[in-house]
Amino acid sequence: FFFLLIGAMRRSAASAGKAAAAAAAAATGLAVYHDEETRQSVTIGTVGPVCRLFVRGANHLHVHDGHHLERSLARPAGTGLLSVCNHIATIDDPHLLAAVVPARLLLRGAAEMRWAVCGHDVCFREGSMLKKWAEASKALPIVRGAGIWQKELDTIIAKLQQGDWVHYFPEGKIRQDGRIHPFRRGVGRLVASVEEPQRLQVLPFYHVGLDRVQPTTPGSTSILSRPQLGTHIHVIFGEPVDLSHLLQLRGEPPFDQQPTLLYEVIAHTLEEEVRALRTELHRRLGGELGAVPPEGGDFG
């Protein structure tokens, strides 16, 4: 059965997306009369394993320093977790995250799995099937271009404050040029809005390979393209970032009057952490990944 499934994946241009979408539709339908947590648990318990199989079964996943993730997943109750990384493909989430977490997490219900964040114009268009899927998959909307005071960020902050795990793409959009582009200051607001530094862990990681599995072209009209299977995918996790020294500045000038300046500092600090993980991964793998791309990314 496994080899038949892989063969089907290779014959289909968007097999992973279709399989996950079918699983999501079935899960949403089965749980339509139940509460939100039940719908999310059923969806994650069905879609998650499909996404995991695609990454691990149809490709070659290599996880470096995964113990940092495992420790953060075992954080004290009431402590939020904010994971951040580069964004290189439409399948970064849910596929990659479903593949790197312990399998048991997908089967224990929705409570311990991440909250995703997706652009309102992509995942939450009114009346779309994707909106129903996103809501059942623990995704939260964000309005790109609406600024850092939008109510959608307030919702994300509330999840962190109550001890949940949120995964966030600070670059704001998919980049497939190998560069780490500037992290937007919204991620700084997320961090600074949790009053007690010890009540939030910020976990950085860097990954490469999914940009080749699911390439995106300027002329793409679909969120999914023909997958390039059999690709080596590398993920490297860093230690949780200690930002307490920056958070102590929240009441100090000029940050007390202009908090956005502090948000920018926090965002840049996390950007450098992810960039350092990229450098470390290239060091470990030697020439396997080629040269580190030159810097020069932008917000565009």
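Since the structure is predicted, the reported quantities are computational estimates derived from the model, not experimental observations.

### Describing the overall build of the protein
Thought 1: Of the regular secondary structure elements, the protein holds 13 helices and seven strands.
Thought 2: Classification of the 300 residues of the protein by burial places 51% in the buried group.
Thought 3: Long-range pairs, those at least 24 residues apart, make up 76% of the contacts in the protein between residues at least 6 apart in sequence.
Thought 4: Carbon and sulfur atoms form 56% of the exposed surface of the protein, whose accessible area is close to 13900 Å².

### Here we look at the pattern of salt bridges
Side-chain pairing between opposite charges can occur once the charged atoms of the two side chains come close.
Thought 1: Tallied over the full model, the rule gives twelve salt bridges.
Thought 2: Taking the shortest distance from any N to any O, the salt bridge between Lys131 and Glu135 comes out at 2.7 Å. With Lys131 and Glu135 both in helix H8 (residues 129-136) and four residues apart, this pair spans about one turn of that helix.
Thought 3: We classify Glu135 as partly exposed; its relative accessible area is 36%.
Thought 4: Where Lys151 meets Glu152, a salt bridge forms, and the shortest distance between an N and an O atom there is 3.1 Å.
Thought 5: Assessed through its relative accessible area of 60%, Lys151 is described here as exposed.

### Some remarks on helix H13 (residues 259-285)
Thought 1: Across its 27 residues, H13 extends 40 Å between first and last C-alpha, which sits within 8% of the 39 Å expected from 1.5 Å per residue.
Thought 2: Of the residues flanking the end of H13, it is Gly286, one or two places downstream, whose phi is positive at about 65°.

### Describing the environment of His95
Thought 1: Positionally, His95 belongs in helix H5 (residues 92-100).
Thought 2: Once the C-alpha coordinates of His95 and Val50 are considered, the two residues, 45 residues apart in sequence, prove to be 8.3 Å apart.

### Some remarks on the sheet that holds strand E2 (residues 80-85)
Thought 1: Taken in spatial order, the five strands line up as E1-E7-E6-E2-E5 in an open sheet, and their pairing is mixed. Of all the strands in the sheet, just strand E1 (60-64) and strand E5 (165-168) have a single pairing partner and so form its edges. When strand polarity is set aside, the average angle formed by the axes of neighbouring strands in this sheet is 20°.
Thought 2: For E2 and strand E6 (residues 200-208), the ladder comprises six bridges, and the chain directions are parallel. Among the inter-strand pairings, Cys85 is bridged to a residue of E6, identified as Phe205.
Thought 3: The sheet contacts of helix H9 (residues 151-161) involve E2, E5 and E6, and relative to E5 the element is tilted by about 135°.

### Some points on the nonpolar core
Thought 1: Counting 39 residues, the largest nonpolar core has Leu82, Tyr168, Val191, Ile266 and Leu270 as the members making the most contacts within it.
Thought 2: Only E2, strand E4 (139-142), H9, E5, helix H10 (186-192), E6, helix H12 (244-247) and H13 provide two or more residues apiece to this core.
Thought 3: The element best represented in this core is H13, accounting for nine residues.
Thought 4: When near neighbours in sequence (up to four residues on either side) are disregarded, Leu82 contacts Leu160, Val166, Tyr168, Val187, Leu190, Val191, Leu200, Gln201, Val202 and Leu203.
Thought 5: Counting 36 residues, the second-largest nonpolar core is a separate cluster that includes Val47, Ile91, Val101 and Phe237.

Parameters at a glance
- Note on numbering: residues in each chain are counted from 1, in written sequence order.
- With the structure being a predicted model, the display of local features is reserved for residues of pLDDT at least 70 and the display and counting of side-chain atom pairs for 80 or more, all residues being used for whole-chain, interface and lining totals.
- Hydrogens and water molecules were not included; the side-chain quantities draw on all heavy atoms of the structure.
- The way it works is that DSSP assigns letters per residue, a run of H or I at least four long becomes a helix, a run of E at least two long becomes a strand, and they are numbered from the N terminus.
- With a 1.4 Å probe rolled over the protein chains alone, any residue whose accessible area is under 20% of its type maximum counts as buried; one over 50% counts as exposed, and the rest are partly exposed.
- Only heavy atoms enter the contact rule, under which two residues are in contact if any of them lie within 4.5 Å.
- For the area figures, the Shrake-Rupley method with a 1.4 Å probe applies, and any residue is considered shielded solely by the protein chains shown.
- A pairing counts as a salt bridge when a side-chain nitrogen of Lys or Arg comes within 4 Å of a carboxyl oxygen of Asp or Glu.
- A helix is expected to span 1.5 Å for every residue after the first.
- If DSSP finds at least two bridges between two strands, the strands pair.
- Interaxial angle, 0 to 180 degrees, is taken between N-to-C directions of lines fitted to C-alpha atoms, where a helix line uses only the stretch in contact.
- Throughout this description, the term nonpolar core refers to a set of buried Ala, Val, Leu, Ile, Met, Phe, Trp, Tyr and Cys residues connected via side-chain atoms within 4.5 Å.

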